[in-house]
Structure formats: C-alpha cells, structure tokens
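Here are the chains, one letter per residue:
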Amino acid sequence: MATPAPAQTAAMRRAIQLAARGLGHTSPNPVVGCVVLDAAGNVAGEGWHERAGGPHAEVNALREAGERARGGTAFVTLEPCNHTGRTGPCAQALIEAGVARVHYAVPDPNPAATGGSTTLAAAGVEVEGGLLADEAAAGNEAWLTAVLRRRPFVLWKYAATLDGRIAAADGTSRWITSAESRADVHRLRARADAVIVGSGTARADDPHLAARVAGLTDTEVSQPLRVVIDTGAAVVKPGARVLDGTAPTLIAVAEDADTGHLDGIAPIVRLPRSAGGTGVHLPALLDALYERDVRSVLLEGGPTLAGAFLAAHAVDKVVGYLAPVLLGAGPAALGDAGIATIGQALRLEVTDTARLGPDLRITATPARHTLPPLNEEN
C-alpha cells in the first residue's frame, strides 16, 4: 500500500485506542474500533464494539456521524463484517451511509464474516487494507488466535522474586510482589474470559479468582469464568472461595472421578486424563472452553500446571511480575515443561517492559523462529 498520510495514520491509531475499550466485554466477538472522517477530513463519528450482541463499531461511529458520513472515509481496525448474526453486516451499513472510502487494518479471518471488503468494492467504495495492521492485530490477539487455532488464547501470568522463586522454602508467598502488580493482575482477569488454576493452587491458597478493578463497581467489571482443574475431584469442597457466586465457576475433573460431593454446587466438565494419568488432557480442556465461547484464558496456576501447558505448546503469551527480592530457595516459577537440554529451550521475544511500583513487569511471546543452541563453552 502507498505511504499513508499522517491524518490517515492518526485516524486508525485512534480507532485502535477505541477498540481497546471493549476488552473484556465483547467475547466471543473481536474488539473493533472505527473512526469516520467527513468529506473534508474532519472527525465526524467514533465508535467501538462495546459488548457482544450490541452494535458493531462501524454502526456506532456512523450513528454519531449521521449525514456527515456521506462522501467520507471510515477507518476500521478489522475488515467490516459481511454476515448477519445478532446484528446486520457492517459492510452494508457503510454502503448505505454513503461512505466513499474504507481503510481497515486487519483482514477478517473468520470464514463466516469475511468478504466485507469485496462487498464494499463491488458497491463502488474505495477499499484498502493493512493500515497499522500489526498494532491492530496486537490489540485483538486473543480473538485472532482463537479463530485461527480453534482454541482459546492462553496468557500465562506468574509473580516471582528476582531469582525466580514464587514462594519461600516454608511455602509462604504473601506478598512477593507489590500492590501495584496485584492490581494489574486484576486488570488481566477482567479482560480474560476464563482464569485457570490447578489443584495445587486451589489446595494451598483457596483462591477467589474474581476480578476487582479500582474505580469500577462490581457491575462494571466483567468477571471471568473461574476454572479449577481438580483431576481427582479431591480438592474443591463446599465452602471454597471459588464457589461464592461472585463469578461463574467450572470444575474440570477426570472422566472417572467421583464427584458426588460437588452435585449442585458448581458445573463440572469431565475430561480424559493426560498421558501420565495425573492430570486432565489439556487440549480437551481448551476444546471444552472454546465450546463455551471462551476465547481468552489467564493461566494463574502454579509451576506444575504452567509446565504442563508449555509442554502442550498451549501458551501464547507470558507476563512475569518480578519483585526486587531474593530468596535463594523455594519453588521455582516453572515446573517440568519437557525441556531436557538448552537446545530445546523455548525462546521468547520481549514485547513490553514496565515498572509497577518497585516491580518489573515483562511481557513476552514465543519466538517465531528457533534460535541455535547456546555454545556451552561461551
């Protein structure tokens, strides 16, 4: 595509910012933002997809623009949809509004919705894709991953000391990281469709797993589905904090587990056991969550569960909160992930670093290529 004008780049970047307002509210749909400029190049309307089942970003922006949209240009973070679901096709809405040009960032990979650009072009609308595609895709990474891989996007979060310990040798762990880091974790929860822990974390911490976001009321925060992997149905019992009704809960157990004591207190999903028999088959769990419209998962379990997810190649992003603390002993952040030698190490690309109070937050994704093994002599 030709080098975009500064005004075009600014309009699409604004659309990306608007799209982010929908995080945590639109699943199983994507987050989308839209800016409409009038024929003179002035902002006429803005909108974003606010909630699943509600109007799409283009419709909200066109409503605000009104007649000023005619002959104007729409900037959309995702290719306008071309199908009728709970709402009508956005491509047709843009045509009916008289928009002359449409710039979109990312093509829609959903087979049920793609084709909007073709419909627009057939109606005489000038269409161009790819403007700030990488930035827009990053903001929609969970939905795009879920569509392409047919499983939820998995973000593994952990908090550790600078030497990689998640607890002291005696098991104490509160509080390794700061209040600022803990508040940030609640923000991640509010944006996720589901939060997963294993039986070890459930037994040791009796976690609550609901999201609390400063400045927002309980009704304004989207609560994730709280998922506890309790393979033998031996840990979650009546009175557990995850059963308090603050957020929905799902207990994942093995197919042969005795769950009589859980009858009526929480939904249960039965899954095949893993190859070793000690856990559940994680791909089957992700399939079951996908069928429940879960498109993003926050993995908050301990080192054993994190290692199992990594061994299953089911981690798409890592967020580590590192506190300037040294312990020297205690459990490590990551358990056995099936990596026996440095040549098998999972290399990550750091995409962001940030200071949160005294802590450092590091965000990384699996590298797109495999680096050669390190030379042990170096």
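Predicted model, so just to flag it, every value in this text is computed and none were measured.

(A) A look at the overall build of the chain. Of regular secondary structure, the chain possesses 10 helices and 14 strands. Dimensions of the chain along its principal axes, counting C-alpha atoms only, are 70 × 60 × 40 Å. Scored against the burial criterion, the 378 residues of the chain give a buried share of 45%. Here the analysis covers contacts within the chain between residues at least 6 apart in sequence; of these, 68% occur between residues at least 24 apart.

(B) Here's a closer look at the side chain of Thr73. Along the chain, the position of Thr73 falls in strand 3 (residues 73–78). Separated by 2.9 Å, the side chains of Thr73 and Arg101 make a polar contact. Once residues within four sequence positions are removed from consideration, Thr73 is found in contact with Val35, Val36, Leu37, Val99, Arg101 and His103.

(C) Main features of the pattern of salt bridges. Per the counting criterion, the structure on display carries 15 salt bridges. Two residues, Glu300 and Lys157, come together in a salt bridge whose shortest N-O distance is 3.4 Å. Remark: Lys157 occurs in strand 6 (residues 153–161) and Glu300 occurs in the loop between strand 11 (296–299) and helix 10 (303–311); sequence separation between them is 143 residues. Each member of the pair, Glu300 as well as Lys157, is classed as buried.

(D) Examining the domain arrangement of the chain more closely. If you check the domain split of the chain, you get domain 1 (6–143) and domain 2 (152–366). Of note, the centres of domain 1 and domain 2, computed from C-alpha atoms alone, are 34 Å apart. Across the contact, 7 residues belong to domain 1 and 10 residues belong to domain 2. Between domain 1 and domain 2 the total buried area reaches about 800 Å² when both faces are included, carbon and sulfur atoms providing 54% of it. Applying the counting rule to domain 1 against domain 2 returns 1 salt bridge. Between Lys317 and Glu141 there is a salt bridge, with the nearest N and O atoms lying 2.6 Å from each other. Applying the counting criterion to the domain 1 and domain 2 interface returns 4 residue pairs in polar contact (both at pLDDT 80 or more). Here the residues of the side of domain 1 that touches domain 2 sort into 3 nonpolar, 3 polar and 1 charged.

(E) Looking closely at the sheet that holds strand 3. The 5 strands lie next to each other as 2-1-3-4-5, forming an open sheet whose pairing is mixed. Bordering the open sheet on either side are strand 2 (43–48) and strand 5 (126–129), each of which pairs with just one other strand. Strand after strand, the sheet turns through a mean of 15° between neighbouring axes, direction not considered. Against the sheet, helix 1 (residues 6–20) touches strand 1 (33–37), strand 2, strand 3 and strand 4 (101–106), its axis set at about 145° to strand 1.

(F) Structural view of the environment of Thr278. Relative to the assigned elements, Thr278 resides in the loop between strand 10 (268–271) and helix 9 (282–291). Taking the C-alpha atoms as reference points, Thr278 and Cys90, separated by 188 residues in sequence, lie 48 Å from one another.

(G) Expanded view of the environment of Ala210. For Ala210, the location among the structural elements is in the loop between helix 8 (199–205) and strand 8 (225–229). Of the residues examined, Ala210 reaches a relative accessible area of 1% and is grouped as buried. Along the backbone, Ala210 and Pro248 are 38 residues apart, and their C-alpha atoms lie at a distance of 9.1 Å.

(H) Fine view of the nonpolar core. In terms of nonpolar packing, the biggest core is built from 35 residues, with Met12, Val36, Ala74 and Val99 touching the most fellow members. Broken down by secondary-structure element, the contributors of at least two residues to this core are helix 1, strand 1, helix 2 (57–65), strand 3, helix 3 (90–96), strand 4 and helix 6 (141–149). For this core, the leading source of residues is helix 1, giving 5 residues. Residues Trp156, Leu225, Leu250 and Ala252 belong to the second largest nonpolar core, which totals 29 residues.

(I) Summary view of helix 2. Among the residues of helix 2, Ala57, Glu58, Asn60, Ala61, Leu62 and Ala65 are the ones counted as buried. Along its buried surface, helix 2 packs onto strand 1, strand 2, strand 3 and helix 3. Note on helix 2: the residue one or two positions beyond its end, Gly66, has a positive phi of about 60°.

(J) Examining the UniProt feature "active site" (unreviewed entry) in the chain more closely. Under the UniProt annotation, "active site" (unreviewed entry) lies at Glu58. Residue position: Glu58 is located in helix 2.

(K) Quick peek at the UniProt feature "binding site: substrate" (unreviewed entry) in the chain. Residues annotated by UniProt as "binding site: substrate" (unreviewed entry) correspond here to Ser173, Arg189, Leu209, Arg212 and Glu300. One can find Arg212 in the loop between helix 8 and strand 8. The exposure class assigned to Glu300 is buried, which follows from its relative accessible area of 10%. A distance of 2.7 Å separates polar atoms of two side chains, one belonging to Glu300 and the other to Arg189.

(L) Expanded view of the pairing of strand 2. As paired strands, strand 1 and strand 2 are joined by 5 bridges and run antiparallel to one another. In the sheet register, Gly33 faces strand 2, and the bridge partner there is Trp48. Here strand 1 folds back onto strand 2, and the loop between the two strands holds 5 residues, one of which, Gly41, carries a positive phi near 90°.

Scoring rules and cut-offs
The residue numbers shown here count from 1 along each chain, following its written sequence. Given that the model is predicted, a residue must reach a pLDDT of at least 70 before its local features are reported, and side-chain atom pairs must reach 80 or more before they are shown or counted; all residues, however, enter totals for whole chains, interfaces and linings. Side-chain measures here rest on the full set of heavy atoms in the structure, leaving out hydrogens and waters. In this description a helix means any DSSP run of H or I spanning at least four residues, a strand means any run of E spanning at least two, and both kinds are numbered starting from the N terminus. Only protein chains enter the area calculation, which uses a 1.4 Å probe; residues under 20% of their type maximum are buried, those over 50% are exposed, and those in between are partly exposed. Residues count as neighbours in contact if any of their non-hydrogen atoms are within 4.5 Å of one another. We call two N or O atoms a polar contact when they sit within 3.5 Å, provided that within protein one can donate a hydrogen and the other can accept it, with sequence-adjacent residues counted only if both atoms are side-chain atoms. Salt bridge criterion: a side-chain nitrogen from Lys or Arg within 4 Å of a carboxyl oxygen from Asp or Glu. Either an automatic procedure or a domain database provided the assignment from which the domain bounds are taken. Joining two parts hides part of their accessible area as seen by a 1.4 Å probe, and the buried area is that hidden amount summed over both. Amino acids outside the nonpolar list (Ala, Val, Leu, Ile, Met, Phe, Trp, Tyr, Cys, Pro) and the charged list (Asp, Glu, Lys, Arg) are all regarded as polar, and Gly is one of them. We treat two strands as partners when DSSP finds at least two bridges between them. Here the axes come from fitting lines to C-alpha atoms, over the contacting stretch only for helices, and the angles between their N-to-C directions go from 0 to 180 degrees. Only buried Ala, Val, Leu, Ile, Met, Phe, Trp, Tyr and Cys residues count toward a nonpolar core, and they belong to the same one when joined by side-chain atoms within 4.5 Å. UniProt positions are given in the numbering used here, feature names are shortened, and annotations may be inferred rather than shown by experiment.

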